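Each chain, written out:
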Amino acid sequence: MRRLLLLLLGLLILHRVRCFEFVIDGEWEEEASHLHNHQERHKRATLTSSEEEDFEAIRGDDITVNSYKMESRITSRFAHTTVRSSVVNSGSKAQSIAFNVQIPKRAFISNFTMNVNGITFVGSVKKKTVARNLYAQARSRNKAAAIVRANSQDLETFKTEVHVPPGSNIEFELHYQEMMQRRLGFYEHSLYLQPGRLVPHFQVDVYIFEPKGISTVQTPNNLGEQFGELFKVTTSKDKAHVVFKPSLQQQRKCNNCTDSAIDGVFTVKYDVTRDSNAGELQVSDGHFVHFFAPSNLSPLPKNIVFVIDVSGSMWGVKMKQTVEAMKAILDDLTMEDNFSIIDFNHNVRCWSEELVPGSSIQIAEAKKYIQNIKPNGGTNINEALERAVSMLVKASNQGLIDPRSVSMIILVSDGDPTVGEIRLSYIQKNVKRNMREEFSLFSLGIGFDVDYDFLERIAMENRGTAQRIYANHDAAEQLRTFYRQVSSPLLRRINIQFPENSVTDVTQNRFDKYFSGSELVVAGRVLLAESNTLTSFTTASAASLDIILETVADVTELDMELAKQQHSFTGFARQMWAYLTIKQLLSERSLAPTAVKKRKITERIMTLAEEHQFVTPLTALLVESEDAKERLLADSPKDPKQGCCAGGGMISGSTISVREPEKLVYQPPPWVQETTPAPPSQVEKGPQQVILVDNDPHFIIHLPASNMDVCFNIDSKPGHILNLVSDVGTGVTVNGQLISSKQLKKSKLNTYFGTISVYYQPEGVSVTISTNDITMTAGRNDYSFTWEATAEITQDGVMISIVKNSHVTITVNNNIRVMVLLHRVWKKHPVNVDFLGIYMPNENQYSPLVHGLIGQFSREPEVSIYDIHEGADPLKKEATMEVKGNKLLVTRGWQKDYRRDKKRGTNIYCWFIHNSGKGFIDGHYTQYIVPNLNSFHQMP
């Protein structure tokens, strides 16, 4: 402890010999798990909250910085960043020159090289014990380097200080890697720019390659108005290049100034194109990454208990900012949400003893309560959390909580417990014991006087996450931003699986929740197989439906594409898998119940970090000259302000759990098996004989008793909605809206079905299929899916089965089935448009009240054909048909069934009825035009 305090107090040991001098900082990794007492925790917090020194990328007097360049290559959300600088000691004396780089806390340094007067030092990641043993051999010559943590919000600082003679040339190069995390709909890549001086060659390049395409790129200007025009963005379908290259004059604070105006964070925000809600599966370099970020889903209702620390330490700015944030958060609640507020110091008080709906009246009362809080007294975290859990349990037991809603506790605190139970391990056990599986705990630690490591552990153990809130002028915005990240849960119980013997070493693949604007990521190794594709299956529960999604990826296609890209990161999948695995292992290590378990996890982390060259809290970067005579050590100490595992989990509300390597077998959990069968693997053949409507629109009615097919066309107008089935007995109606071709063909404007709707009135479920997407509406909830994925959705007796870019089958109560077939045409075709075909089996079980253009034929009419003779066309015979008391002239021809062959179709021979089915259908076709897609039809 004494050594640690000396280091934290900033006692830096400087060693000089010949021409090198390096700053040292670090601590030995303690294998034994122990808890500090409260006094030691408080002392640590006080020390680490001191002001940090001014930051400069290059530090030293009488030096010339020839260049400073940063380059990031982002491929499929994984970034490899390189920082290079060339410096000359232009003074007359030997001096120390510092090279400092601020990097994101969630990033792993992967290499550092340095050339000093022709001596090149190259880095390699070793286990700490190995690296330190090697370094000890060189320590007698006093060579050292270090990574030092800084108190910035999301950054840590890599510092290297080298003592060199006059005229020396030094070249620095640092590499680090990180996975982009999606928050509130964007990936954000930040580079910290503060050179501290003018640089002749200053340049920042960010290259982005996203195989599925880039939907948007933004470059918020955080550097000042004078740099607003200097951000150059070049984009294409799947690539983007952002460059920032200010000239020497443009860098100046004023025309004659010698100080640099560059001081801030260079940020690039972007998002990718998503063509389906099934996610994006990428395979490269023997590894896969599955990205899952669905949208167009209605949010799940929430049950939230806000637990707010109002002890004396919250007095002043902290409380003011918390009150400001809470007012905005309360305004975001809806009538679908339930909430309450618990505030605590040495006592615990409840604004409401029970959850209440988020009505305007309740929200106004809650705001008044928050506004009148006066911080004082101690901190009783244990009792406050127990009251919050019991409130949710009581509501659940009384049936007041929707079983498909999301229940969460949001804890806001700025200090360690001082009243009641103060032992952190006991509080942790109490919370875990009382929390139910369907509840989540999110912890927000304000400032540095709180044991963030503890807050992170209790959150991770209870399906939540933790975040530090920095007590400054924008703390309220930090609180609101965090809440926005968890305020729109879209899915529960997400499970991403793969077929047996197709993958191994899979990262976390079960997630408790998915929040709008975020992303779930699963990675693993791909096993060798004869198939050249990999398939993933995702199961999840939305507000009132169950979903199965299927995604297929080619195992060689992406590697061939990456080889063509000049600035892509070809090893991204391999490194992303290692990155995710290490992050999750670090989180699991912090929760390890025994020393034996912790040692096993530690060994796995060190092995992976060494193999993939990541500097972690358990590894070090050994930097040595080519002949290994000069050795430096870059060490990553445990950050006492951040805990051992910063950035270990994403905002997914899930318990992080990484198992030993295993082969996963696709087997949906029981809650899926009961309601939803496995996804179809091929185009459904369907029954031999069906009633269908396809093309312009051609109706083919199969009459089983007569063993014949009868055809007719409906020549209506674009925009008209035709009723196909209307059954008030079962509550099912099927309608189709017409669209037209782009222009006349043979003096005729063809029409097609562009939209089909199936409405199940008893449950208020409507399924609308267009050539672009499939939308299910249930009450106030809307869910949209594209044609780009295979999926199954179950809701209140309605099942939707989507086969990618092929067809959709809607089944109502296992009695009525409608298949809608997608016809795609060349986008630039001068005449044709995409359209839909409809197929219904004769076995559909309608009520006696069914009607509609198709529904009426569930009661087969008596039909007789006679007087068959040659027609005007020798290939088409003519005849007389008697049906419904009418004698009709009919023509023998054929139409197409496209179920098995979407391009050529299968010929179906039928008797064709002219004049839009007049005489064969009841009444006139215009009587089947209805006002909207969910209308039932009634014959006059």
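Visitor: Even after reading the chapter, I still don't get the environment of Cys 350, so can you show me in this structure?
Guide: Within the secondary structure, Cys 350 sits in strand β21 (residues 348-350). Discounting chain neighbours no more than four positions away, the residues touching Cys 350 are Ile 341, Ile 342, Tyr 369, Arg 387 and Met 391.

Visitor: Looking at this model, I keep getting lost on the pairing of strand β43 (residues 790-795). Mind explaining?
Guide: Looking along a regular strand, one sees the side chains alternate between the two faces of the sheet. Counting buried positions over the 6 residues of β43 gives 6, a clear majority of the element. Burial along β43 is two-sided: the face carrying Thr 790, Glu 792 and Thr 794 and the face carrying Ala 791, Ile 793 and Gln 795 are both buried. As judged from the 5 bridges shared by β43 and strand β44 (residues 798-803), these two strands associate in the antiparallel manner. Each residue of the ladder has a partner; that of Thr 794, found in β44, is Met 799. Connecting the antiparallel pair β43 and β44 is a turn made up of 2 residues, with Asp 796 showing a positive phi of about 45°.

Visitor: What am I meant to see in the packing of aromatic side chains here?
Guide: The geometry of an aromatic ring pair is captured by two quantities: the separation of the ring centres and the angle between the planes. Applying the stated criterion across every chain, the model contains 25 aromatic pairs. Measuring from ring centre to ring centre gives 5.9 Å for Phe 78 and Phe 569, while their planes differ by 25°; the resulting arrangement is stacked. Here Phe 78, found in strand β3 (residues 78-89), pairs with Phe 569, found in the loop between α11 (557-564) and α12 (572-590); they are 491 residues apart in sequence, far enough to count as distant. Across this residue pair, the class does not change: Phe 78 and Phe 569 are buried. Residues Phe 202 and Phe 244 carry aromatic rings whose centres are separated by 6.4 Å and whose planes lie at 85° to one another, so their mutual orientation is edge-to-face. With Phe 202 in strand β12 (residues 201-209) and Phe 244 in strand β15 (residues 239-244), the pair connects residues that are 42 residues apart, well separated along the chain. Just as Phe 202 is buried, Phe 244 falls in that class too. Pairwise contacts between aromatic rings join Tyr 68, Phe 202, Phe 227, Phe 231, Phe 244 and Phe 266 into one cluster. For Lys 429, the ring lying beneath its charged end belongs to Tyr 426, and the centroid distance is 5.7 Å. Positioned above the aromatic ring of Phe 108 is the side chain of Lys 583, whose terminal nitrogen or guanidinium carbon lies 4.6 Å from the ring centre.

Visitor: It is not clear to me how helix α7 (residues 381-397) should be interpreted in this structure. Could you clarify?
Guide: Owing to its 3.6 residues per turn, the α-helix aligns residues three or four sequence positions apart on the same side. Between the first and last C-alpha of α7 there are 24 Å, a value that for 17 residues agrees with the 24 Å anticipated at 1.5 Å per step. Looking one or two residues beyond α7, the residue adopting positive phi is Gly 399, at roughly 70°.

Visitor: What's the story with the sheet that holds strand β13 (residues 214-218) in this structure? I'm lost.
Guide: Think of a sheet as strands paired side by side through backbone hydrogen bonds, with each pair either parallel or antiparallel. Reading across from one edge, β10-β11-β16-β13 is the order of the 4 strands in this open sheet, with antiparallel pairing throughout. At either end of the open sheet lies a strand with only one pairing partner, and these are β10 (182-183) and β13. Judged from the 2 bridges that link them, β10 and strand β11 (residues 186-193) form a sheet pairing that is antiparallel. Across the sheet, residue Arg 183 finds its bridge partner in β11, namely Phe 186.

Visitor: What is the right way to look at the state of the cysteines in this model?
Guide: Two cysteines joined by a covalent bond between their sulfur atoms form a disulfide. Evaluated as defined, the whole model comprises 2 disulfides. Across the disulfide, Cys 254 is cross-linked to Cys 257 (sulfur-sulfur distance 1.7 Å). Measuring the twist about the S-S bond at about 95°, one finds the Cys 254-Cys 257 disulfide to be right-handed. In this model, Cys 711 is linked to Cys 910 through a disulfide, with the two sulfur atoms separated by 1.7 Å. Its S-S torsion of about -120° marks the bond between Cys 711 and Cys 910 as left-handed, since a negative value means left-handed. Of this pair, Cys 711 sits in strand β36 (residues 708-713) while Cys 910 is found in strand β51 (residues 906-913), placing the two residues 199 residues apart along the sequence.

Visitor: Please explain unusual backbone geometry as it appears in this structure.
Guide: Most peptide bonds take the trans configuration, and most residues that are not glycine carry a negative phi. Positive phi values are uncommon outside glycine, yet Arg 77 reaches one of about 70°. Here Arg 77 shows up in the loop between β2 (63-75) and β3. Positive phi outside glycine occurs at Asp 867, with the angle close to 55°. Overall, the relative accessible area of 45% leaves Asp 867 in the partly exposed class.

Visitor: Where do I start with the sheet that holds strand β17 (residues 280-284) in this structure?
Guide: The 4 strands lie next to each other as β17-β18-β29-β27, forming an open sheet whose pairing is antiparallel. Looking along the sheet, the strands with just one partner apiece sit at the ends: β17 and β27 (503-504). With 6 bridges joining them, strand β18 (residues 287-292) and strand β29 (residues 520-526) adopt antiparallel strand pairing. Looking at the pairing, Phe 288 lines up with Gly 524 of β29. Sheet strands in contact with α12 are β17, β18 and β29, and its direction is about 70° off that of β18.

Visitor: Just checking my understanding: could you explain the nonpolar core for this structure?
Guide: Soluble globular proteins tend to bury their nonpolar side chains together. Core analysis: the largest hydrophobic core is formed by 123 residues, its most contacted members being Phe 306, Phe 339, Leu 491 and Phe 920. Residues within four places of Phe 920 in sequence aside, it is in contact with Ile 701, Val 710, Phe 712, Gln 856, Phe 857, Met 881, Val 883, Lys 884, Leu 888 and Ile 913. Counting residues in hydrophobic clusters, the runner-up holds 54 residues, among them Ala 107, Phe 172, Leu 174 and Val 623.

Visitor: Got a minute to help me understand the packing of helix α8 (residues 424-434) against helix α9 (residues 452-461) in this structure?
Guide: Relative placement of two packed helices is described by the angle separating their axes and the distance separating the axes. For the pair α8 and α9, the least separation of the axes is 10 Å and the interaxial angle reads 20°. In terms of orientation, α8 lies roughly parallel with respect to α9. Of the two elements, α8 crosses α9, and the hand of that crossing is right-handed. Judged by residue contacts, Leu 424, Ile 427, Gln 428 and Lys 432 of α8 engage Phe 454, Arg 457, Ile 458 and Glu 461 from α9. A class-by-class count of the residues in the contact of α8 with α9 yields 4 nonpolar, 1 polar and 3 charged.

Visitor: How do you make sense of the confidence of the model for the protein when you look at a structure like this?
Guide: When pLDDT is low, close inspection of the predicted coordinates is not appropriate. Summing up the model confidence of the protein, the mean pLDDT is 83 and the portion of residues at 70 or higher is 85%. Low confidence marks residues 140-152, where pLDDT is under 50. Its contacts with residues over four positions away, or in another chain, come to 69 contacts.

Visitor: Just checking my understanding: could you explain the packing of helix α5 (residues 317-331) against helix α6 (residues 360-371) for this structure?
Guide: Viewed as axis vectors pointing N to C, α5 and α6 meet at an angle of 175°, and their least axial separation amounts to 10 Å. Accordingly, the angle class assigned to the pair α5 and α6 is roughly antiparallel. Contacts from Val 323, Met 326, Lys 327, Leu 330 and Asp 331 of α5 reach α6 at Ile 363, Ala 366, Lys 367, Ile 370 and Gln 371. Here the contact of α5 with α6 is composed, by residue class, of 6 nonpolar, 1 polar and 3 charged.

Visitor: How should I be thinking about the pairing of β3 in this particular structure?
Guide: β3 sits mainly inside the fold: 11 of its 12 residues count as buried. Here β2 pairs with β3 via 12 bridges, running antiparallel. Each bridged residue has a counterpart across the sheet, and for Lys 69 the counterpart in β3 is Arg 84. Counted along the chain from β2 to the antiparallel partner β3, the turn is 2 residues long, and its residue Ser 76 has a positive phi close to 50°. As paired elements, β3 and strand β9 (residues 169-179) share 11 bridges and run antiparallel to each other. When the sheet's bridge partners are listed, Val 87 is paired in β9 with Ile 170.

About the cut-offs
Residues numbered from 1 in each chain as written. Predicted model: local features only at pLDDT ≥ 70, side-chain atom pairs only at ≥ 80, totals over all residues. Heavy atoms only, no water. Helix = DSSP H or I, 4+ residues; strand = E, 2+ residues; numbered from the N terminus. Contact = heavy atoms within 4.5 Å. Buried < 20%, exposed > 50% of the residue type's maximum accessible area, 1.4 Å probe, protein only. Pairing = 2+ DSSP bridges. Phe/Tyr/Trp six-rings, centres within 6.5 Å; stacked < 30°, edge-to-face > 60°. Lys NZ or Arg CZ within 6 Å of the ring centre and 35° of its normal. Expected span 1.5 Å × (residues − 1). Disulfide = S-S within 2.5 Å. Axes fitted to C-alpha atoms, helices over the stretch in contact; angles between N-to-C directions. Core = buried A, V, L, I, M, F, W, Y, C linked by side-chain atoms within 4.5 Å. Parallel < 35°, antiparallel > 145°, perpendicular 65-115°, else oblique. Left-handed = near helix turned anticlockwise from the far one by under 90°. Nonpolar A, V, L, I, M, F, W, Y, C, P; charged D, E, K, R; others polar. pLDDT = per-residue confidence, 0-100.

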